[in-house]
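# Results of the structural survey
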Amino acid sequence: KLPASVTIKEVGPRDGLQNEKRILPAADKIAWVNRLSDTGLSYIEVSSFVHPKWIPALADAAEVFAGIERKPDVTYAALVPNLNGLERALSAGADEVNVFLSASEAHSRKNINKSIAEAVQAVKEVTQQGLAAGKQVRGYISTVFGCPYEGAVALDTVERLCEELFSFGIYEISVGDTIGVANPQQVELVLERLLRSFPAGQFAMHFHNTYGMALANVLKSLEAGITVYDSSCGGLGGCPYAPGASGNAATNDLVHMLHKMGIQTQVDEDKLLGASRLIEQKLEAALPSHVYQARKHQ
Ligand code: HMG
Ligand code: MG
């Protein structure tokens, strides 16, 4: 039996734009986040407070946070790698802090210049101080379904990282298929394993659509009882430190599938179409979302 409703966490302004060659002015990002806020989405990851040399496209995170019009029922979250990032996110007024680490050593090194053990320590510090500042903290685990440098990733490592992250007070772990290599059978196996130890309500799924499997993987996750999904408006996205990574699951495609299946989201598909048109015009490049491309001239 599938869930009756699903929460979508929109990561386009962060995961989407971090991988774009074209760097948009803050005003365009602000306009996009404001349009996304009007679609009914309850959660938007607005930007990240990482080192601007590593992710130049998001160097203006503070300006974007300062410029958006906030709706009371929307959570505006920020991705944060360390205490320096946390400080910047708190002064920018992020509602919620998202920390991240990788389940493979090689990706961890390339992405944040830290071993997994060092990353766990950084996540612990950021979580403690984020909670002390009154913020909820969410955690991403990357490369759960495969690493661009190492290939297969041990489920033991993933399970141990979940245990640690939850013990720090992280309320939800987003299980990341960073380079989009997961298949539905693997999703079933991974969730079977994780849900033996932890409740389904503590996980979100974060699929990338590199091989076109994102929605099939969502369906498997729905069957396993997962009700929170990360996706990106128009299907933008990818991690620059994960070669081969491409767009996130497209919010447009996800919402379309869920609504057709009678599963509620709070998202208005027409308003989402408008938000997608806006970002496609700003980027001057066709968005990968199938539903968007099918509907954009309607
Ligand atoms: P580092 O060079 O090892 O940093 O980078 P450091 O701690 O040695 O510090 C070096 C300098 O950076 C210092 O300045 C720090 O102050 C400064 P200096 O003293 O030389 O003048 N610094 C900072 N400046 C601004 N903001 C900060 C910050 N931290 C230190 N937060 C670091 C380490 C983590 C900072 C770097 O590697 C980095 O920023 N990495 C980010 C990479 C990234 O954003 N990747 C994409 C996001 S993850 C993802 O996409 C996956 C996900 O979507 C899930 C999935 O799909 O799986 C979440
Ligand atoms: Mg991602």
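Figured I'd write up the structure that's included with this text.

### Quick notes on the environment of Val-158
- By the element assignment, Val-158 lies in helix H7 (residues 155-168).
- With 13 residues separating them in the primary sequence, Val-158 and Phe-145 have C-alpha atoms 9.7 Å apart.
- Sequence-distant contacts of Val-158, defined by excluding residues within four places in its chain, comprise Ala-103, Ile-141, Val-144, Val-153 and Leu-194.

### A word on the pattern of salt bridges
- A complete count under the given rule lists 18 salt bridges for this structure.
- In this structure, Arg-193 engages Asp-156 in a salt bridge whose closest nitrogen and oxygen atoms are separated by 2.4 Å. One end of the pair, Arg-193, is in helix H8 (residues 184-197); the other, Asp-156, is in helix H7, and 37 residues separate them in sequence.
- Exposure remark for Arg-193: the relative accessible area of 17% places this residue in the buried category.
- Judged by relative accessible area, which is 54%, Asp-156 ranks as exposed.
- Here the salt bridges do not stand alone but share partners, grouping Lys-9, Arg-138, Glu-172 and Asp-230 into one network.

### A short note on the packing of helix H9 (residues 214-223) against helix H10 (residues 251-260)
- At a minimum axis separation of 11 Å, H9 and H10 run at an interaxial angle of 45°. Considering their axes alone, H9 and H10 lie oblique with respect to each other. Along this stretch, H9 crosses H10, giving a crossing that reads as right-handed. Seen from H9, the contacting residues are Leu-215, Val-218, Leu-219 and Leu-222; seen from H10, they are Asp-253, Leu-254, Met-257 and Leu-258.
- Of the residues that constitute the contact of H9 with H10, the class distribution is seven nonpolar, no polar and one charged.

### Remarks on the side chain of Glu-96
- Looking at where Glu-96 falls in the secondary structure, it is placed in strand E4 (residues 96-102).
- Within the buried set, Glu-96 has no salt-bridge partner at all; the shortest N-O distance to an opposite charge, 4.7 Å, is to Lys-9.
- Excluding its chain neighbours within four sequence positions, the residues that come into contact with Glu-96 are Tyr-43, Thr-75, Tyr-76, Ala-77, Ala-78, Gln-136, Arg-138 and Tyr-171.

### Points about the site of ligand 1
- Of all residues adjacent to ligand 1, which total 27 residues, the nearest are Gln-18, Asn-82, Asn-113, Ser-142 and Thr-178.
- At a separation of 2.9 Å, a nitrogen atom of ligand 1 approaches a polar side-chain atom of Asn-111.
- Within the contact set of ligand 1, an oxygen atom lies 2.8 Å away from a side-chain nitrogen or oxygen of Ser-142.
- About the coverage of ligand 1: the protein hides 73% of its 1100 Å² of free accessible area.
- When residues of the shell around ligand 1 are traced back to their parent elements, those giving at least two are helix H1 (12-16), helix H4 (83-92), helix H5 (105-112) and strand E5 (136-142).

### Points about the pairing of E4
- Across the seven residues of E4, seven count as buried, placing the element largely inside the fold.
- The alternating pattern of E4 places Glu-96, Asn-98, Phe-100 and Ser-102 on one face and Val-97, Val-99 and Leu-101 on the opposite face, and all of these are buried.
- Judged from the three bridges that link them, strand E3 (residues 75-79) and E4 form a sheet pairing that is parallel. What sits directly across from Ala-78, in E4, is Val-97.
- At this point the chain moves from E3, through H4, to the parallel E4, and the crossover so formed is right-handed.

### A few points about the coordination of the magnesium ion (ligand 2)
- Coordination of the magnesium ion (ligand 2) by the protein comes from Asp-15 (OD), His-206 (NE2) and His-208 (NE2), over a distance range of 2.1 to 2.3 Å.
- Linear spacing of the donor residues for the magnesium ion (ligand 2) on their chain is D-x190-H-x1-H. In this pair, Asp-15 sits in helix H1 while His-208 sits in the loop between strand E7 (203-207) and H9, placing the two residues 193 residues apart along the sequence.
- Take Asp-15: its relative accessible area is 3%, and that puts it in the buried class.
- On the accessibility criterion, His-208 (3% relative accessible area) is buried.

Reading guide: rules and limits
- Residues numbered from 1 in each chain as written.
- Chains lettered and ligands numbered in written order.
- Predicted model: local features only at pLDDT ≥ 70, side-chain atom pairs only at ≥ 80, totals over all residues.
- Heavy atoms only, no water.
- Helix = DSSP H or I, 4+ residues; strand = E, 2+ residues; numbered from the N terminus.
- Contact = heavy atoms within 4.5 Å.
- Salt bridge = Lys/Arg side-chain N within 4 Å of Asp/Glu carboxyl O.
- Buried < 20%, exposed > 50% of the residue type's maximum accessible area, 1.4 Å probe, protein only.
- Axes fitted to C-alpha atoms, helices over the stretch in contact; angles between N-to-C directions.
- Parallel < 35°, antiparallel > 145°, perpendicular 65-115°, else oblique.
- Left-handed = near helix turned anticlockwise from the far one by under 90°.
- Nonpolar A, V, L, I, M, F, W, Y, C, P; charged D, E, K, R; others polar.
- Lys, Arg positive; Asp, Glu negative; His and termini not counted.
- Near = heavy atom within 4 Å.
- Polar contact = N/O pair within 3.5 Å; in protein donor to acceptor, adjacent residues only side chain to side chain.
- Areas by Shrake-Rupley, 256 points an atom, 1.4 Å probe, with all protein chains shown as cover.
- Pairing = 2+ DSSP bridges.
- Right-handed = clockwise from strand over helix to strand, strands pointing away.
- Donors = N, O, S within 2.8 Å, 3.2 Å for Na, K, Ca; no water.

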